[in-house]
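As a plain string of letters, each chain reads:
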Amino acid sequence: SWCLFKNGEGMMPVSDFIEKDKIKDPHNLNLELKVNGDVKQAANTSSLYYKIPQLIEYTSQYFPINEGDVFLTGTPTMAPVKDGDFLEA
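Residues numbered from 1 in each chain as written. Predicted model: local features only at pLDDT ≥ 70, side-chain atom pairs only at ≥ 80, totals over all residues. Heavy atoms only, no water.

Asks: In this structure, what is going on with the overall build of the chain? I would like to understand it.
Replies: What the chain contains, in helices and strands, is two helices and three strands. Mapped in sequence order, the helices and strands of the chain form the string α-β-β-α-β. Taking all 89 residues of the chain together, the buried fraction comes to 13%. Of the roughly 7400 Å² of accessible surface on the chain, 55% is carried by carbon and sulfur atoms. (Helix = DSSP H or I, 4+ residues; strand = E, 2+ residues; numbered from the N terminus. Buried < 20%, exposed > 50% of the residue type's maximum accessible area, 1.4 Å probe, protein only. Areas by Shrake-Rupley, 256 points an atom, 1.4 Å probe, with all protein chains shown as cover.)

Asks: Is there a simple way to explain a nonpolar patch on the surface in this structure?
Replies: Together, Val14, Phe17 and Val70 make up an exposed nonpolar region whose accessible area comes to about 260 Å². As for its placement among the helices and strands, phenylalanine 17 is situated in the loop between helix 1 (2-6) and strand 1 (30-35). (Patch = residues over 30% accessible without salt bridge, like charges linked within 9 Å, V, L, I, M, F, W, Y side chains within 5 Å. Salt bridge = Lys/Arg side-chain N within 4 Å of Asp/Glu carboxyl O.)

Asks: Whenever I open this one, the side chain of asparagine 44 confuses me. Can you help?
Replies: Its place among the elements puts asparagine 44 in strand 2 (residues 38-44). A residue is classified by how much of its surface remains accessible, and asparagine 44, at 17% relative accessible area, is buried. For asparagine 44, the side chain forms a polar contact with the main-chain nitrogen of leucine 29, separated by 3.4 Å. (Polar contact = N/O pair within 3.5 Å; in protein donor to acceptor, adjacent residues only side chain to side chain.)

Asks: Explain the packing of aromatic side chains here, please?
Replies: Two descriptors summarise a pair of aromatic rings, namely the distance from one centre to the other and the angle between the planes of the rings. Tallied over the full model, the rule gives two aromatic pairs. Pairing tyrosine 49 with tyrosine 50 gives two aromatic rings, centres 4.8 Å apart and planes at 85°, and the pair type is edge-to-face. For the pair tyrosine 58 and tyrosine 62, a centre-to-centre distance of 5.4 Å together with 55° between the ring planes defines the contact as tilted. The exposure class assigned to tyrosine 58 is partly exposed, which follows from its relative accessible area of 31%. (Phe/Tyr/Trp six-rings, centres within 6.5 Å; stacked < 30°, edge-to-face > 60°.)

Asks: Is there a simple way to think about the environment of glycine 37 in this case?
Replies: Take glycine 37: it is sitting in the loop between strand 1 and strand 2. On the basis of relative accessible area, glycine 37 is assigned to the partly exposed category, the value being 42%. Note: C-alpha distance between glycine 37 and aspartate 85 (48 residues apart in sequence) is 9.7 Å.

Here it is as structure tokens:
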């Protein structure tokens, strides 16, 4: 059910996407979050509990999935941020 609460239609605006042909393996992708230039989170998609096809299959039973939709799966730890912080991902 956690997946359902994070992936409703129109839930989150985002910036540019990385083109999928530039990602060699989506199940082994390093991700990082910087706050004001300092790395606050670093993780790899290999640690996802569910693989991407499983997320799509499960979620599509409840919501229509469209090109450009984003699946929010959570973070390993929460990086504290405050008003005015500059975030880079």
